[in-house]
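Residue-level listing of the chains:
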Amino acid sequence: MGWPVARLARLGPLLGLALVYGLFALIAPPSFTTVGTLETIARQAAIVGTASLGMTAVIIAGGIDLSVGSVVALSTVVIAALLQAGQGPVTAALGGVLAGVASGLVNGWLVTRLRMVPFIVTLGTLLIVRGAAKGLANEQKIDAPITGLNDVLAAVPPERSWQILPAGVWGMLILAVLVILLLRRTAFGRHVFAIGGNEEAARLSGIDVDAVKVWVYVLGGACGGLAGLLQFSRLTVGDPTVASGLELDVIAAVVIGGGSLSGGEGSVLGSVLGALVMTTIRCGCSQMGLANWIQEIVTGLIIVAAVALDRLRRR
């Protein structure tokens, strides 16, 4: 890949975000360009963005995780159930994240120990985890008492305008920096890229491929649990049916950001920008009053285009 093409590939997610935002700024109602709408986009993107951080590592390692949407739903249910049982917000939040960690551990174990294809494994756990969430919630929403968790992704009140963005958005950005350091500055991160680039060569080089894969899926599950915490803050209830199809937005965000479904490539910053692209499109379509089916078609076209661009990059 020549220098200009490589440079364009790195700037692609940022250029795509600028193009999408500029397009809606021209054709959407004037309210789209207000500060309130920008804050709404940031709040909504935080959920997809947080989940995409773990998915970035999974895809770089040559895997895939279709269960992330179900993990988000399970996390909201666990948090609400713990709060309803009288547990404190910290314990409830930790429980939601640990539910995601457990799901990621199961995914990693099945992929490595049973030598199963990640697509099939996580397609199965998508249904298992979603079913567990519905069973835990008795197939209904779980109301929870008001706690500080409700404010994690709430709009910033006027008296705290200095905060600029909700705590959940800042949390996503801090987590993104930590994942960047993990993938770019540690031996673990180098092993993740090596496995995604050529798993057999990585194994012959002495890398414990199975252990790295398990930890990658655990990271993906933890990020899914954190995304569930943000989703709970947005909904203020535990909902076992929420985040259905979220995995497609998350995977699309990673691919738009430069991740390759073939493994070995990916960018945390690009994934965050990809999440902003997906959220901006949804928000713009909503402000224009477009029907949900049109938004779903647009989202599907974006996913197809993102995968096509990935193939072009590989060539």
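Residues numbered from 1 in each chain as written. Predicted model: local features only at pLDDT ≥ 70, side-chain atom pairs only at ≥ 80, totals over all residues. Heavy atoms only, no water.

## Concerning the pattern of salt bridges
Per the stated rule, a full pass over the model turns up four salt bridges. A salt bridge links arginine 115 to aspartate 210; its shortest N-O distance comes to 3.0 Å. Separated by 95 residues along the polypeptide, arginine 115 in the loop between α4 (89–113) and α5 (118–136) and aspartate 210 in helix α9 (residues 209–235) bring together distant segments of the chain. A salt bridge links arginine 282 to aspartate 249; its shortest N-O distance comes to 3.1 Å. Residue arginine 282 is found in helix α11 (residues 268–287), and its partner aspartate 249 is found in helix α10 (residues 246–256); the two are separated by 33 residues along the sequence. Connected through shared salt-bridge partners, Glu199, Arg203 and Lys213 make up one network. (Salt bridge = Lys/Arg side-chain N within 4 Å of Asp/Glu carboxyl O. Helix = DSSP H or I, 4+ residues; strand = E, 2+ residues; numbered from the N terminus.)

## Concerning unusual backbone geometry
The phi dihedral of asparagine 138 falls on the positive side, at around 55°, and the residue is not glycine. With respect to the helices and strands, asparagine 138 occurs in the loop between α5 and β1 (142–143). You will see that threonine 236, though not glycine, has its phi angle at about 65°, which is positive. By secondary structure assignment, the location of threonine 236 is in the loop between α9 and β2 (237–238).

## Things to note about the side chain of threonine 280
For threonine 280, the position within the fold is in helix α11. When its relative accessible area of 2% is taken as the criterion, threonine 280 is described as buried. Within the structure, threonine 280 has its side chain in polar contact with the backbone oxygen of leucine 276 (distance 2.6 Å). Not counting residues up to four positions away in its chain, the partners in contact with threonine 280 are Leu17, Val20, Tyr21, Phe24, Phe32 and Ile41. (Buried < 20%, exposed > 50% of the residue type's maximum accessible area, 1.4 Å probe, protein only. Polar contact = N/O pair within 3.5 Å; in protein donor to acceptor, adjacent residues only side chain to side chain. Contact = heavy atoms within 4.5 Å.)

## What about the environment of cysteine 283?
Inspection of the secondary structure assignment puts cysteine 283 in helix α11. As a C-alpha pair, cysteine 283 and phenylalanine 32 span 251 residues in sequence and 8.3 Å in three-dimensional space. The contacts of cysteine 283, once residues within four sequence positions are left out, are Phe32, Thr37 and Ile41.

## Things to note about a nonpolar patch on the surface
Together, Trp109, Leu114, Met116, Val117, Phe119, Ile120 and Leu123 make up an exposed nonpolar region whose accessible area comes to about 660 Å². Broken down by element, the nonpolar patch gets its largest block of residues, three residues, from α5. Since its relative accessible area comes to 38%, leucine 123 is described here as partly exposed. (Patch = residues over 30% accessible without salt bridge, like charges linked within 9 Å, V, L, I, M, F, W, Y side chains within 5 Å. Areas by Shrake-Rupley, 256 points an atom, 1.4 Å probe, with all protein chains shown as cover.)

## Points about helix α7 (residues 187–197)
Within α7, the full set of buried residues consists of Gly189, Val192, Phe193, Ile195 and Gly196. The arc enclosing the buried residues of α7, seen along the axis, measures out at 160°, which places them on a common side. In α7, those exposed residues whose orientation departs by more than 90 degrees from the buried face are Arg190 and Gly197. In this fold, the buried residues of α7 make contact with α2 (35–60), α6 (167–185), α8 (199–204) and α9. (Arc of directions from axis to C-beta.)

## A short note on the nonpolar core
One finds Leu53, Leu149 and Leu183 to be the most contacted residues of the largest nonpolar core, which totals 73 residues. A total of eleven residues in this core trace back to one element, the largest contributor, which is α2. Setting aside residues no more than four positions away along its own chain, leucine 53 makes contact with Met172, Leu175, Ala176, Val179, Cys223, Val268 and Val272. In terms of nonpolar packing, the next biggest core, distinct from the first, is built from 14 residues, Phe32, Ala252, Cys283 and Cys285 among them. (Core = buried A, V, L, I, M, F, W, Y, C linked by side-chain atoms within 4.5 Å.)

## What about the packing of α6 against α7?
α7 packs onto α6 with a crossing angle of 70° between their chain directions and a minimal axis gap of 5 Å. Here α6 is positioned roughly perpendicular relative to α7, judged by the angle of their axes. Each of Leu182, Leu183, Arg184 and Arg185 in α6 lies in contact with α7, whose residues at this interface are Phe188, Gly189, Arg190, Val192 and Phe193. The residue inventory of the contact of α6 with α7, partitioned by class, reads five nonpolar, one polar and three charged. (Axes fitted to C-alpha atoms, helices over the stretch in contact; angles between N-to-C directions. Parallel < 35°, antiparallel > 145°, perpendicular 65-115°, else oblique. Nonpolar A, V, L, I, M, F, W, Y, C, P; charged D, E, K, R; others polar.)

## Quick word on the packing of aromatic side chains
According to the stated counting rule, one finds two aromatic pairs in the structure shown. With 5.8 Å between their ring centres and 40° between their planes, phenylalanine 24 and phenylalanine 32 make a pair best called tilted. On the accessibility criterion, phenylalanine 24 (8% relative accessible area) is buried. In textbook terms, an aromatic cluster arises when at least three aromatic residues are bridged by ring pairs, as seen for Tyr21, Phe24 and Phe32. (Phe/Tyr/Trp six-rings, centres within 6.5 Å; stacked < 30°, edge-to-face > 60°.)

## Examining the confidence of the model for the protein
On average, residues of the protein score 90 in pLDDT, and 96% of them reach the 70 mark or higher. At the low end of the mean pLDDT range in the protein sits helix α1 (residues 3–27), at 75; at the high end sits helix α3 (residues 68–84), at 97. (pLDDT = per-residue confidence, 0-100.)

## Notes on the state of the cysteines
One pass over the full model with this rule turns up zero disulfides. In this structure cysteine 285 is a free cysteine whose sulfur lies 9.4 Å from that of cysteine 283, the closest cysteine sulfur available. For cysteine 285, a relative accessible area of 4% puts it in the buried group. (Disulfide = S-S within 2.5 Å.)

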